[in-house]
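Here is what each chain is made of, one letter per residue.
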Amino acid sequence: MRPQDAFAHTGVARAPLPPGSLRLWSVSHAAGLASFYRKFERFLGKLDPIFRWIGYDQMEKPMATLERAVKAKLFDCRMCGQCVLSSTGLSCPMNCPKGLRNGPCGGVRANGNCEVHPAMPCVWVQAFKGAELMGSVAKMGEALPPIDQRKSGKSTWLQAAKAHAAS
Amino acid sequence: MPHPDDVGPVPSAPLPPLPGHVSRGRLERVLRRGEFAVTAEINPPDSADPDEIELRVKPFEGWVDAINATDGSGANCHMSSVAVSALLIRLGYSPVTQISCRDHNRIAIQGNVLGAAALGVANILCLTGDGVQAGDHPEAKPVFDLDSTALLQTIRMMRDEGKFLSGRKITGPPQVFVGAAENPFALPYDFRPIRLAKKIAAGAQFIQTQYCYDIPLMQRFMTRACDMGLDKQCFILAGVGPLASAKAAKWIRANVPGVHIPDEVIARMEGAKNQKTEGKRICVELIQQLRAMPGVSGIHLMAYKQEESIAEIVRQSGVLSGRTPWRRDLVATTQAVESQGAL
Ligand code: SF4
């Protein structure tokens, strides 16, 4: 029996790697993309007065829609609302079928693919690659607190704008 | 005789508190004394009959320091780990209650931690859990509200700060020795020691690893862990287990998530006249090599469906160095002597 046969009956709602997904490309270009992303967040901070004028609550829906469209393409983002891409080598951990945000489970296959989806590269093996490119492996050692499920669907760009404006 | 610190007046009750210890169980004492610890694992029965628990653990009584009660391991349904632990405690054994994040959200998990501690559980192992696809209910909803690191943080908060994750006060915090698992044999190898450090930072006090059949990979992991000083911050117990046959080994390798068995081990099994004996012999050799590895504080024996061979393997490996872990009859003898009054 081949290993993957043991998982043949998995019921998966969404393809683990949607067609046209740039996720793996983003990880292999993590260094450049991350520095662009940091600049982008600073730019968002500059927009804070505009956001405040329109009202952050008013901005929530259009911004979340825009963010979803962009980040879904680049990272297969799941809009968890508490983005950790900067400490996961730009590999979105919410694509891990176990939703692991603190590192890989013990089930990663010998070829670096996922225990649950044999055809999908483990998001954490990817994350480690991305972090090496970004020089941020040390940051991966910081333990993240439990996820706040209430934030799901919320825009993190607006949160970043607020945070940058405040700092 | 068992160490006097490991024997209380009532075997099923928590031991008298010791300074510098978070729990009142035996495992923490054995490890803190610097003894090479031996833990074993039982797979809970598919039954509501409590006697099946005793049948499974009796063959290795007096050969292990604690017994892990798995929590739906391999995503298969069995008796719950908290219930198995409580039944083990009734008999006087010290269980390690496994909690996996797959089947419960944070509300249920925290409730279980309190319940387990109230029933006398002194050790909890925090796991992510195998995906539901691996087990007998692949159509189930996987929960994974927390991950193992977040679970460690949660239990530490409950114990040390006396608070639920919500911040609400706990009047009687759970006095538990908290552990986690690690798999040095899964990719990315260089991330594994970092992940270990992360788990320690989140509260892990002991680690039980996945089955070790590959000494060089284990060595690579331990060297890095020792360089980072991690062996001083937690107790690392290496996972081991006897293979029943070459066929079983191949099946495990292909079907059980995260188990890495090198080709040489399988070849050696295939070449043996008596494969079952060879499996045990390999296990004993691995234990002896792990015993000699710097930073390893003990072993964790997972002898699935071979519980009867645990005592023999531990004895042959000689890792207890003449030490006797707690055993019911020895306690009975002590009590009998005491009941005769002072000389
Ligand atoms: S193998 Fe990787 S992606 Fe798959 S469940 Fe484990 S950590 Fe998540």
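Our structure is the block above this text.
Residues numbered from 1 in each chain as written. Chains lettered and ligands numbered in written order. Predicted model: local features only at pLDDT ≥ 70, side-chain atom pairs only at ≥ 80, totals over all residues. Heavy atoms only, no water.

**Re the overall build of chain B**
As a reminder of what qualifies: Numbered from the N terminus, helices here are DSSP runs of H or I no shorter than four residues, and strands are runs of E no shorter than two. Every radius of gyration here is taken over C-alpha atoms, with the globule rule written as 2.2 Å times N^0.38, N being the number of residues. When accessible area is computed with a 1.4 Å probe and restricted to protein chains, residues below 20% of their type maximum are described as buried, those above 50% as exposed, and intermediate ones as partly exposed. Any two residues having at least one pair of non-hydrogen atoms within 4.5 Å are treated as being in contact. Accessible surface area values rest on a Shrake-Rupley calculation with a 1.4 Å probe, where residue burial reflects the displayed protein chains alone. By the counting scheme adopted, Arg and Lys are positive, Glu and Asp are negative, and His together with the chain ends is not counted. Lysine's charge is taken at NZ, arginine's at CZ, aspartate's at CG and glutamate's at CD.
Broken down by element type, chain B carries 12 helices and eight strands. Compactness check: chain B gives a C-alpha radius of gyration of 19 Å against a globular reference of 20 Å for 343 residues, within 12% of the reference. For chain B, buried positions account for 57% of its 343 residues. Across chain B, every contact between residues at least 6 apart in sequence was considered, and the portion connecting residues at least 24 apart equals 77%. Carbon and sulfur atoms form 54% of the exposed surface of chain B, whose accessible area is close to 13,900 Å². The distance from the centre of the 37 positive side-chain charges to the centre of the 36 negative ones in chain B is 3 Å.

**Re the site of the ligand**
Cut-off, in case you're wondering: For each residue, the test is whether any non-hydrogen atom lies within 4 Å of the molecule or strand; if one does, the residue is near. Here the term charged refers only to Asp, Glu, Lys and Arg, the term nonpolar to Ala, Val, Leu, Ile, Met, Phe, Trp, Tyr, Cys and Pro, and the term polar to all other amino acids, Gly among them.
Taken together, Cys96, Pro97, Lys98, Leu100, Pro104, Cys105, Val108, Cys114, Glu115, Cys122, Val123 and Trp124 of chain A make up the full set of residues near the ligand. Taken together, the residues of the shell around the ligand sort by class into 10 nonpolar, no polar and two charged.

**Comments concerning the side chain of Asn43 of chain B**
Residue and element names in this part refer to chain B. Filter applied, for reference: We call two N or O atoms a polar contact when they sit within 3.5 Å, provided that within protein one can donate a hydrogen and the other can accept it, with sequence-adjacent residues counted only if both atoms are side-chain atoms.
The residue Asn43 is located in the loop between β1 (37–42) and α2 (51–57) in this model. Among the polar contacts made by the side chain of Asn43, one reaches the side chain of Ser73 at a distance of 3.4 Å. What Asn43 contacts, discounting residues up to four positions off in sequence, is Arg56, Thr70, Ser73, His78, Tyr304 and Glu307.

**Brief notes about the interface of chain A and chain B**
Condition: Each of two parts loses accessible area, computed with a 1.4 Å probe, when they are put together; buried area is these two losses added. Salt bridge, as used here: a side-chain nitrogen of Lys or Arg that lies within 4 Å of a carboxyl oxygen of Asp or Glu.
Each partner contributes residues to the interface: chain A has 36 residues there, and chain B has 32 residues. Summing both sides of the interface, chain A and chain B together bury roughly 2,700 Å²; the carbon and sulfur share of this comes to 61%. Of all residues in chain A, Lys98, Asn102 and Pro146 of chain A bury the most surface against chain B, accounting for 21% of the area lost on that side. Taken together, chain A and chain B are joined by zero salt bridges. On inspection of chain A and its partner chain B, the count reaches 13 residue pairs in polar contact (both at pLDDT 80 or more). Looking at the side of chain A that touches chain B residue by residue, the class counts come to 21 nonpolar, 10 polar and five charged.

**Considerations on helix α9 (residues 263–271) of chain B**
All names here are of chain B. Rule in force here: Our arc is simply the arc of the directions from the helix axis toward the C-beta atoms.
The complete set of buried residues in α9 reads Val265, Ile266 and Met269. Projected down its long axis, α9 shows its buried positions confined to an angular sector of 95°, all on one face. Away from its buried face, by an angle of more than 90 degrees, α9 presents the exposed residues Asp263, Glu264 and Gly271.

**Quick look at the pattern of salt bridges**
All names here are of chain B. Considering all chains together, one arrives at 28 salt bridges over all chains under this definition. Salt-bridge contacts for Glu182 lead to Arg195; the nearest nitrogen and oxygen are separated by 4.0 Å. With Glu182 in strand β5 (residues 177–182) and Arg195 in helix α6 (residues 192–201), the pair connects residues that are 13 residues apart, well separated along the chain. Owing to a relative accessible area of 3%, Glu182 belongs among the buried residues under this scheme. Where Asp263 meets Arg253, a salt bridge forms, and the shortest distance between an N and an O atom there is 2.7 Å. Separated by 10 residues along the polypeptide, Asp263 in helix α9 and Arg253 in helix α8 (residues 246–255) bring together distant segments of the chain. Overall, Arg253 belongs to the partly exposed group, its relative accessible area being 33%.

**Quick notes on a positive patch on the surface**
Rules: Candidate patch residues must exceed 30% relative accessible area and have no salt bridge, after which like charges are joined if within 9 Å and Val, Leu, Ile, Met, Phe, Trp or Tyr side chains if within 5 Å.
A surface patch of like charges, here positive, comprises Arg38, Lys39, Arg42, Lys46 and Lys139 of chain A. Within the secondary structure, Arg38 of chain A is located in helix α2 (residues 30–46).

**A short note on the sheet that holds strand β7 (residues 235–240) of chain B**
The strands making up a sheet associate through backbone hydrogen bonding, with each pair oriented either parallel or antiparallel. Residues and elements named next belong to chain B. The following threshold applies: Paired strands, in this sense, are two strands between which DSSP finds at least two bridges. Geometry is summarised by axes, namely lines fitted to C-alpha atoms with helices restricted to the contacting stretch, and by angles between N-to-C directions that run from 0 to 180 degrees.
The sheet built from eight strands closes into a barrel, its strands ordered β1-β2-β3-β4-β5-β6-β7-β8 with parallel pairing. On average, each strand axis in the sheet is inclined to that of its neighbour by 30°, with strand direction left out of account. Direction of pairing for β7 relative to strand β8 (residues 296–301): parallel, over a ladder of five bridges. Looking at the pairing, Gly239 lines up with His300 of β8. Against the sheet, helix α3 (residues 81–91) touches β1, β2 (66–69) and β3 (95–100), its axis set at about 175° to β3. Strands in contact with helix α5 (residues 148–161) are β3, β4 (123–127) and β5; relative to β4, the strand with the most contacts, it is inclined by about 150°.

**Focus on unusual backbone geometry**
Here the residue pair Leu187 of chain B and Pro188 of chain B is connected by a cis peptide bond, since its omega of -15° sits within 30 degrees of zero. Relative to the helices and strands, Pro188 of chain B resides in the loop between β5 and α6. Non-glycine residue Met79 of chain A carries a positive phi angle of around 55°. Here Met79 of chain A shows up in the loop between α4 (56–75) and α5 (123–134).

**Some points on the packing of α2 of chain A against helix α6 (residues 156–166) of chain A**
Residue and element names in this part refer to chain A. Note the following rule: Orientation is classified from the angle alone, with under 35 degrees giving roughly parallel, over 145 giving roughly antiparallel, 65 to 115 giving roughly perpendicular, and any other angle giving oblique.
Remark: α2 packs on α6, axes separated minimally by 7 Å, with the N-to-C direction vectors making an angle of 70°. Relative to α6, the element α2 lies roughly perpendicular. When α2 is examined against α6, the residues Tyr37, Phe40, Glu41, Arg42, Leu44 and Gly45 are found in contact with a partner set consisting of Trp157, Ala160, Ala161, His164 and Ala165. The class makeup of the residues in the contact of α2 with α6 is seven nonpolar, two polar and two charged.

Keep in mind that these numbers describe shape and distance, not what the molecule does.
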